[in-house]
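# Breakdown of the fold
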Amino acid sequence: MEKVAIIGVGQSAFVRGYPGSIRELAFEGFKEAVEDAKVSVGDIDASIICSAPEYDKQRSPSGVFAEYLGLIPQPTCYLESLCSSTSTGLRMAYSLVKSGLHDVVAVLGFQKMSEISSAESQERMGRGADIQWESPFGTMMPAYYAMFAKAHMEKYGTTLDDLALIRVKAATYGPINEKALFRKPVTLEMFNDPAHFMSGPVASPLRVGDCCANADGSSCLIVATEEKAKALSKQPVWILGLGAASASVNMAGRDLITGLAVARQASEQAYKMAGVTPKDIDVAEVHDCFTISEILAYEDLGFAKPGEGRELISSKETYKEGSIPVNVDGGLLSKGHPIGATGGSQIRTIVLQLRGDAGKMQVKDPGVGLVHNIGGVGLYGNVTILGR
Amino acid sequence: MSKKKEIDDRFKKFGTVSFTSVTKVNDFIDFLEKGKVMGTCCQDCGMVFFPPRADCYHCLSRNVEWFEVSGKGKLVSYSKLKYAPVGFEGDLPYSIALVDYGDHKIFGRLAGDIPDDEVKLGMEMKTVVNKLPNGQLNYVFEKA
């Protein structure tokens with residue numbers, strides 16, 4: 001069977017208030033990926049532009065970007081699945097390449113969130129939920145995930161300190177990731193100091209320190225056929241497994257509130273396609289939009305049994321030196337979360353890890369890596385397994 | 001001269017801020033005005049829907065009828081918000097919640113007058129219509 005590779009990865013720094021337009025922001029991630037792949041722009045046969053809608057004045061950014069990035073007259077299109085847009089983009093690129101329609105496809109994710117206020121952003125994020133039946137109650141992302149946190153704490157005894165330890169881990173790696181928005185350490189004491197901003201309530205039981213922050217950023221993946229990859233790249237990273245699922249947008253349609261069904265379904269598909277089990281994963285990136293999300297991910301991906309995710313963090317098994325390093329690039333909590341760019345950044349990290357190019361973040365000799373990227377409140381789930 | 005067609009936009013009355021005005025289940029608002037929270041049930045295959053739907057995905061029938069949400073459900077989870085989206089700031093603090101009635105679940109808000117220390121997961125709750133200060137309508141969960 002013909003394999004499909006990622007031959008180049010790039011991302012901009014994730015920042016607050018990017019001093020440029022969205023096409024210029026897109027260029028940052030694109031330039032790095034094309035240079036990393038050591039291809040010329042003309043080698044790229046098609047592009048898929050990914051973001052969450054409604055942050056930009058520009059409608060249909062794909063055509064604008066294709067022109068700015070030198071990707072015309074090749075076909076381009078816009079694609080979204082909220083926060084998992086770039087993972088969905090990779091899935092589509094895989095299909096385009098695997099089908100033989102194209103040899104080399106660029107997947108570009110971006111988001112410039114700073115053009116609107118934080119409250120307006122929350123309103124848009126809330127409208128990523130069910131606008132007919134839920135948004136009129138005044139919903140927002142932290143409150144939804146807080147409901148999962150509350151239920152998990154009640155059922156399994158997960159504590160506020162367990163959640164805080166996820167942020168402490170993220171902040172261990174933020175300082176060594178030059179692309180991350182938050183580069184300062186965070187301690188458990190900050191969460192337990194009522195005067196510290198990290199401990200301020202957002203949506204019970206989640207506190208400021210439990211939440212990732214909006215950011216501006218772009219990311220890019222260059223995907224190629226096996227033949228092109230072998231011709232163009234010294235270190236192709238192979239797409240071994242892809243899984244994707246969707247769920248009821250309305251919480252009333254969810255049977256599971258102590259985990260994300262989409263993550264369980266997507267990971268099952270990806271493990272099966274790759275022919276691996278959770279034990280075979282050497283390094284992982286999971287969608288830690290909130291601290292609870294990472295604990296749910298441990299369990300949904302099978303790194304821990306349901307209810308036992310807290311033990312992985314308290315025993316530091318998900319640190320760089322542990323048995324299953326997770327988010328050792330700082331995760332969304334340290335990097336910031338420019339929605340449409342996030343999946344590409346996660347995939348970039350795993351590609352760099354598998355190539356041994358992750359610098360200070362490098363874990364020891366990983367062979368198989370996993371990316372867990374969620375859109376909305378478990379509305380869309382994507383799991384990607386990569387190997388050398 | 002033809003008469004201008006009137007738009008049935010009753011649904012704009014749902015919640016503090018409604019993002020939908022026209023839906024085939026606009027009667028939901030009339031029921032709220034009468035103090036009733038209603039779901040729908042497919043008359044052809046028996047599927048029960050909350051929130052109410054005009055169309056059954058199970059058998060593709062449009063033959064749905066209203067039923068009144070009654071009795072008690074159990075609190076699955078909730079969260080009390082310290083910040084709110086644009087347009088909802090005046091409602092703070094409030095809690096969003098999910099209640100399980102067995103054959104359907106309902107997403108909404110906890111009644112504002114329940115003291116924090118009396119809210120427990122698994123507690124029995126009933127769903128009641130609530131008139132908001134701005135004249136809009138929603139429903140909230142009260143202790144049953």
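Details of the structure are given in the entry above.
Now for a description of the structure that goes with this document. (Residues numbered from 1 in each chain as written. Chains lettered and ligands numbered in written order. Predicted model: local features only at pLDDT ≥ 70, side-chain atom pairs only at ≥ 80, totals over all residues.)

A few words now on the overall build of chain A. Secondary structure assignment for chain A yields 13 helices and 11 strands. In summary, chain A has a C-alpha radius of gyration of 19 Å against a globular reference of 21 Å for 388 residues, a match within 12%. Counting only C-alpha atoms and orienting by the principal axes, one finds that chain A spans roughly 55 × 45 × 40 Å. When each of the 388 residues of chain A is scored for burial, the buried share is 63%. Across chain A, contacts joining residues at least 24 apart in sequence account for 77% of those joining residues at least 6 apart. (Helix = DSSP H or I, 4+ residues; strand = E, 2+ residues; numbered from the N terminus. Rg over C-alpha atoms; globule rule 2.2 N^0.38 Å. Buried ≥ 20, exposed ≤ 12 C-beta atoms within 10 Å, placed from the backbone. Contact = placed C-beta atoms within 7 Å.)

A separate point is the interface of chain B and chain A. Reports often express the size of an interface as the amount of accessible area lost when the parts come together. Each side of the interface is counted separately: chain B has 34 residues, and chain A has 30 residues. Take the side of chain B that touches chain A: its biggest share by element is 6 residues, from strand E4 (residues 73–81) of chain B. Its residues placed into classes, the side of chain B that touches chain A shows 19 nonpolar, 10 polar and 5 charged. (Nonpolar A, V, L, I, M, F, W, Y, C, P; charged D, E, K, R; others polar.)

Attention shifts here to the packing of helix H1 (residues 22–37) of chain A against helix H2 (residues 61–68) of chain A. Residue and element names in this part refer to chain A. Orientation of H1 relative to H2, taken along the N-to-C sense of each, is 60°, at an axis distance of 10 Å. Classified by the interaxial angle, the pair formed by H1 and H2 is oblique. Regarding H1 and H2, the two cross each other, and that crossing is right-handed. Mapping the contact onto sequence places Ile22, Arg23, Ala26 and Phe27 in H1 and Pro61, Val64, Phe65 and Tyr68 in H2. Residue composition of the contact of H1 with H2, grouped by class: 7 nonpolar, no polar and 1 charged. (Axes fitted to C-alpha atoms, helices over the stretch in contact; angles between N-to-C directions. Parallel < 35°, antiparallel > 145°, perpendicular 65-115°, else oblique. Left-handed = near helix turned anticlockwise from the far one by under 90°.)

So, on to the pairing of strand E8 (residues 237–246) of chain A. All names here are of chain A. Of all the 10 residues making up E8, 8 are buried; the element is thus mostly covered by neighbouring parts of the structure. Note that strand E1 (residues 4–11) and E8 share 2 bridges and pair antiparallel. What sits directly across from Ala5, in E8, is Trp238. Here 8 bridges tie E8 to strand E11 (residues 380–387), and the two strands are oriented antiparallel to one another. (Pairing = 2+ DSSP bridges.)

Here we take up the environment of Ile6(A). All names here are of chain A. Position of Ile6 relative to the elements: it lies in strand E1. On the neighbour-count criterion, Ile6 (30 C-beta atoms within 10 Å) is buried. Each C-alpha atom of the pair Ile6 and Glu67 lies 23 Å from the other, and the pair is 61 residues apart in sequence. Those residues in contact with Ile6, other than ones at most four positions away along the chain, are Leu221, Ile222, Val223, Val237, Ile239 and Val351.

Interpretation note: all reported values are geometric properties and have no functional meaning in isolation.
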